[in-house]
Amino acid sequence: MSDVRDRSHRLNRVDGIARHGRLRRRGPFGTVAKVLSGVVAVALVSSASVAAIAAKQVSDDLGDGVEIEGQPAPHRQGGTTSLSAFEGGFNMLVVGTDNDPEQSAEFGERDATLNDVNILLHVSADHSNATAVSIPRDLVTPIPACRRTDGSTAPAMAAQPINTAFGDGGLNCVTQTVQGLTGLDIQYSAAVSFNGVIEMSNAIGGVPVCVAQPIQDEYTGLNLPAGTSTLQGDEALAFLRTRHGVGDGSDLGRISSQQVFLSSLLRTVKSSGTLTSPTKLYKLARAAASNMQLSESLNDVGTMVQMGRALQDLPLSQVNFVQYPGSTGGTGVYAGKVQPTTYLADQLFAKIKADQSFTLGAGSTGIGSEANAASPSAAASSPAAAPSAAAPPAAAPSVGASSPAAAAPSTPAAASGSGSASASASPETIDGLEGQSADQQTCSKAFGY
């Protein structure tokens, strides 16, 4: 598979500034990690203790919200923060930028700020299932005209890598682009700085990550033995940033490797007492608030508490991490980029629009990860098994047997995540999608294996 680095002519790059610098352990952060760290942090502001202790301080950390075209007006909770669960379903976009203006020079510098991480989180109306879709940074898509923060309008463009959208018009432009790509209405948006993954991983005491073979990456300074390592701080950042160290060295391989971290992160949060620890929740909430730029619709502690309450009891087996389907090796505007696989994307978003859960086919983990042999579900989920020392056994994943996938019909009520069809039938398998459920034990595959 070809390297899918961004080579967009639109960025007018300055000579001598590397796309990804060879800085040990630190560097521009293009990862899913901080994204779901932000999503999880939103879910974690969900205890009465934290609401009572930290609401004012977290609110002070939030700063001003970002106006997003088409999103609901800001909602402020009056008086005591509500502890009720969020009503209905919602779609939230979390964007990770790799050139935050407040970053230290040790992270490297570049001539443009790109949205190298884009995850769309959908939660069903009955809160029974959720899907987090990772959109490859080099996926070529139309970018619509959108309003910039200074009031001017960024012009529409027919075919550009999606990671150029932030440089065109900030968080609003990325939101409009993802809405056009997916056909979903996005009610909430957030941009996360790369410092967030360091602070959030520290706040929960680290995340255990399974590695199938030793990983060494001179670009990020990552050096991990085979087996399980608990990562936090700079090492977590390096793991989530590594591209040359996993899979085939491409961003697509990195996404599937990152899902190893994300599923483990969610399991850790659910099992380590984080949700019931005021201290951990407070640290995580402040780490998130200090490193996130939120839309006006999300920039309120009360709203985050309610969203957290909705997600708190969601079964891990009903949380799917999937990659927006695409391939490399195309020609024309897709040369050196990622070309959407339209028929699979249509199936995926038909399920999401209809609020229906789904499972993934056998061997779906992607080129940067594989099933963990220690997991009782390893044989069913992937033909390639990782070393048994890599991680403790886990519950069986929600990966069904292979079967022809059919797109579910879309309904107007479900288009914004407000449908109620998720509990109507047994989940259908969508073959060809890459990803995993949150309860599935997987291991990152080292580059070259």
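Residues numbered from 1 in each chain as written. Predicted model: local features only at pLDDT ≥ 70, side-chain atom pairs only at ≥ 80, totals over all residues. Heavy atoms only, no water.

K.L.:
How do you make sense of the overall build of the chain when you look at a structure like this?
P.N.:
The helix and strand tally for the chain stands at 10 helices and 22 strands. Here the chain holds 449 residues, and the buried ones make up 61% of them. Split by element, the accessible area of the chain, about 15,800 Å² in all, is 51% carbon and sulfur. (Helix = DSSP H or I, 4+ residues; strand = E, 2+ residues; numbered from the N terminus. Buried < 20%, exposed > 50% of the residue type's maximum accessible area, 1.4 Å probe, protein only. Areas by Shrake-Rupley, 256 points an atom, 1.4 Å probe, with all protein chains shown as cover.)

K.L.:
Can you help me understand unusual backbone geometry in this one?
P.N.:
Glycine aside, negative phi is the norm for most residues, and most peptide bonds take the trans geometry. A positive phi is found at histidine 127, a non-glycine position, where the angle reads about 60°. By the secondary structure assignment, histidine 127 is in the loop between β2 (115-123) and β3 (130-134). Histidine 127 gets classed as buried once you look at its relative accessible area, which sits at 19%. For aspartate 355, which is not glycine, the phi dihedral falls at a positive 65°. Tracing the backbone through its elements, the reader meets aspartate 355 in the loop between α9 (342-353) and β17 (358-360). Judged by its relative accessible area of 1%, aspartate 355 is buried.

K.L.:
Can you walk me through the confidence of the model for the chain in this structure?
P.N.:
When pLDDT is low, close inspection of the predicted coordinates is not appropriate. The predicted model of the chain averages 75 in pLDDT, with 69% of residues at 70 or higher. Scored below 50 in pLDDT, residues 1-53 shows 194 contacts in the model against residues more than four places distant or in partner chains. Long-range and interchain partners of residues 376-424, a stretch whose pLDDT sits below 50, account for 136 contacts in this model, where long-range means more than four residues apart. (pLDDT = per-residue confidence, 0-100. Contact = heavy atoms within 4.5 Å.)

K.L.:
Quick question: what am I supposed to make of the state of the cysteines here?
P.N.:
A covalent bond bridging the sulfur atoms of two cysteines is what the word disulfide describes. Under the counting rule described, the total for this entry stands at two disulfides. Put simply, cysteine 146 and cysteine 173 are joined by a disulfide, and their sulfur atoms are 2.4 Å apart. Taking the torsion about the sulfur-sulfur bond, which here is approximately -75°, the covalent link between cysteine 146 and cysteine 173 counts as left-handed. Residue cysteine 146 is found in strand β5 (residues 146-147), and its partner cysteine 173 is found in helix α3 (residues 165-182); the two are separated by 27 residues along the sequence. Taken as a pair, cysteine 146 and cysteine 173 share a single burial class, namely buried. For cysteine 210, the disulfide goes to cysteine 443, at an S-S distance of 1.9 Å. In this structure, the disulfide formed by cysteine 210 and cysteine 443 twists by about 75° around the S-S bond and is classed as right-handed. (Disulfide = S-S within 2.5 Å.)

K.L.:
Which parts of the structure should I look at to understand helix α8 (residues 301-311)?
P.N.:
Along an α-helix, residues three or four apart share an orientation, since each turn contains 3.6 residues. Burial analysis of α8 places 10 of its 11 residues in the buried class, the great majority of the element. Among the residues of α8, Val301, Gly302, Thr303, Met304, Val305, Gln306, Met307, Gly308, Ala310 and Leu311 are the ones counted as buried.

K.L.:
I'm lost on the side chain of glutamine 187 in this one. Help?
P.N.:
You can see glutamine 187 is positioned in the loop between α3 and β8 (188-192). The class of glutamine 187 is buried, set by a relative accessible area of 15%. Within the structure, glutamine 187 has its side chain in polar contact with the backbone nitrogen of asparagine 91 (distance 2.7 Å). (Polar contact = N/O pair within 3.5 Å; in protein donor to acceptor, adjacent residues only side chain to side chain.)

K.L.:
Even after reading the chapter, I still don't get the environment of glutamine 441, so can you show me in this structure?
P.N.:
Within the secondary structure, glutamine 441 sits in the loop between β21 (435-437) and β22 (442-444). You can call glutamine 441 buried: its relative accessible area is 9%.

K.L.:
Looking at this structure, I do not really get the packing of helix α5 (residues 233-241) against helix α6 (residues 251-271). What am I missing?
P.N.:
Each pair of packed helices gets described by two things: the angle between the helix axes and the distance between those axes. Contact pair α5 / α6: the axes reach a minimum separation of 8 Å and the direction vectors enclose 145°. Taken together, the residues of α6 that come into contact with α5 (itself represented by Ala236, Phe239, Leu240 and Arg241) are Arg254, Ser257, Gln258 and Phe261. Its residues assigned to classes, the contact of α5 with α6 comprises four nonpolar, two polar and two charged. (Axes fitted to C-alpha atoms, helices over the stretch in contact; angles between N-to-C directions. Nonpolar A, V, L, I, M, F, W, Y, C, P; charged D, E, K, R; others polar.)

K.L.:
Help me understand the packing of aromatic side chains in this model?
P.N.:
Enumeration over the complete set of coordinates arrives at three aromatic pairs. Here tyrosine 324 and phenylalanine 349 contribute two aromatic rings whose centre-to-centre distance is 5.7 Å and whose plane-to-plane angle is 40°, an arrangement assigned as tilted. Here tyrosine 324, found in the loop between β14 (319-323) and β15 (326-327), pairs with phenylalanine 349, found in helix α9; they are 25 residues apart in sequence, far enough to count as distant. Given a relative accessible area of 4%, phenylalanine 349 falls into the buried group. (Phe/Tyr/Trp six-rings, centres within 6.5 Å; stacked < 30°, edge-to-face > 60°.)

K.L.:
Would you take a moment to explain the packing of helix α4 (residues 195-203) against α5 for this structure?
P.N.:
The contact between α4 and α5 brings their axes to 8 Å, and the two run at 125°. One way to sum up the angle between α4 and α5 is to call them oblique. Judged by the twist between their axes, the crossing of α4 over α5 is right-handed. Of the residues in α5, those in contact with Val197, Ile198, Ser201 and Asn202 of α4 are Gly233, Asp234, Ala236, Leu237 and Leu240. (Parallel < 35°, antiparallel > 145°, perpendicular 65-115°, else oblique. Left-handed = near helix turned anticlockwise from the far one by under 90°.)

K.L.:
Explanation requested: the sheet that holds β14 in the structure shown.
P.N.:
What holds strands together in a sheet is hydrogen bonding between their backbones, with the strands either parallel or antiparallel. Across the sheet, which stays open at both edges, the seven strands sit in the order β13-β8-β1-β2-β3-β14-β21 with mixed pairing between neighbours. Here the strands that pair on one side only, and so sit at the sheet edges, are β13 (292-294) and β21. With direction set aside, neighbouring strand axes in the sheet form an average angle of 15°. Examined bridge by bridge, β3 and β14 share five bridges and lie parallel to one another. Bridging from a neighbouring strand, serine 134 pairs with glutamine 323 of β14. Across the sheet, α9 lies against β2, β3 and β14, angled at about 145° from β3, the strand it touches most. (Pairing = 2+ DSSP bridges.)

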